Amino acid sequence: MRASLLLLVGVTVFALLYGAEAHHCGTCNLDTCPSTHDCNHGITKEHCGCCDVCLRSEGEKCDAHEDFTGICISPLVCKNGFCA
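The rules behind these values
- Residues numbered from 1 in each chain as written.
- Predicted model: local features only at pLDDT ≥ 70, side-chain atom pairs only at ≥ 80, totals over all residues.
- Heavy atoms only, no water.
- Helix = DSSP H or I, 4+ residues; strand = E, 2+ residues; numbered from the N terminus.
- Buried < 20%, exposed > 50% of the residue type's maximum accessible area, 1.4 Å probe, protein only.
- Contact = heavy atoms within 4.5 Å.
- Salt bridge = Lys/Arg side-chain N within 4 Å of Asp/Glu carboxyl O.
- Pairing = 2+ DSSP bridges.
- Lys, Arg positive; Asp, Glu negative; His and termini not counted.
- Polar contact = N/O pair within 3.5 Å; in protein donor to acceptor, adjacent residues only side chain to side chain.
- pLDDT = per-residue confidence, 0-100.

What to know about the overall build of the chain
Per the secondary structure count, the chain includes 1 helix and 5 strands. Listed by position from the N terminus, the elements making up the chain come as α-β-β-β-β-β. With 84 residues in all, the chain has 14% of them scored as buried. Residue pairs at least 24 apart in sequence account for 12% of intrachain contacts in the chain once pairs closer than 6 positions are excluded.

Considering the pattern of salt bridges
Applying the stated criterion across every chain, the model contains 2 salt bridges. The shortest N-O distance in the salt bridge between R56 and D38 comes to 3.9 Å. Of the two residues, R56 sits in strand β2 (residues 52-56) while D38 sits in the loop between α1 (2-22) and β1 (43-45), which places them 18 residues apart along the sequence. Owing to a relative accessible area of 35%, D38 belongs among the partly exposed residues under this scheme.

A few points about the sheet that holds β1
Taking strand neighbours across the sheet as the criterion, the 3 strands line up as β1-β2-β3 in an open arrangement whose pairing is mixed. Of all strands in the sheet, those with a lone pairing partner are β1 and β3 (71-72), marking the two edges. The pairing of β2 with β3 spans 2 bridges and is classified as parallel. Directly across from R56, in β3, lies its bridge partner C72.

Comments concerning the side chain of R56
Of the residues examined, R56 reaches a relative accessible area of 12% and is grouped as buried. Residues contacting R56, with those up to four places away along its chain left out, are D38, H41, K61, T69, G70, I71, C72, I73, L76 and C83.

Examining the side chain of E46
Locating E46 in the fold gives a position in the loop between β1 and β2. Comment: no salt bridge for buried E46; closest opposite-charge side chain is K45, at 7.2 Å. Here the side chain of E46 touches C48 through a polar contact of 2.9 Å, landing on its backbone nitrogen. Beyond its immediate stretch of four places on either side in the chain, E46 contacts C51, V53, E66, D67, F68 and I71.

Here we look at the confidence of the model for the chain
Averaged over all residues, the pLDDT of the chain equals 80, while 73% of them reach at least 70. Confidence, read as mean pLDDT per element, is least for α1 in the chain (48) and greatest for strand β5 (residues 82-83) (96). Counting interchain partners and residues more than four positions distant, the pLDDT-below-50 stretch residues 13-21 has 0 contacts.

Encoded structure:
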């Protein structure tokens, strides 16, 4: 029982550390930022604060992790690649 608990804790800690690393913000490179020419609802900064990205409305494409496709206007959330 104790070994199972230790294994569960270890897997949980690993998953948290791996997930945090997946969203690590590196050096800002404006050359890699997406175009914002088609932003019909304004712009905002992506999660690292480097690039401008489009605000998106219901039914428009979005990206829940990297934010380069766009960020949904609140209270919408990104589900399966689209604002809902």
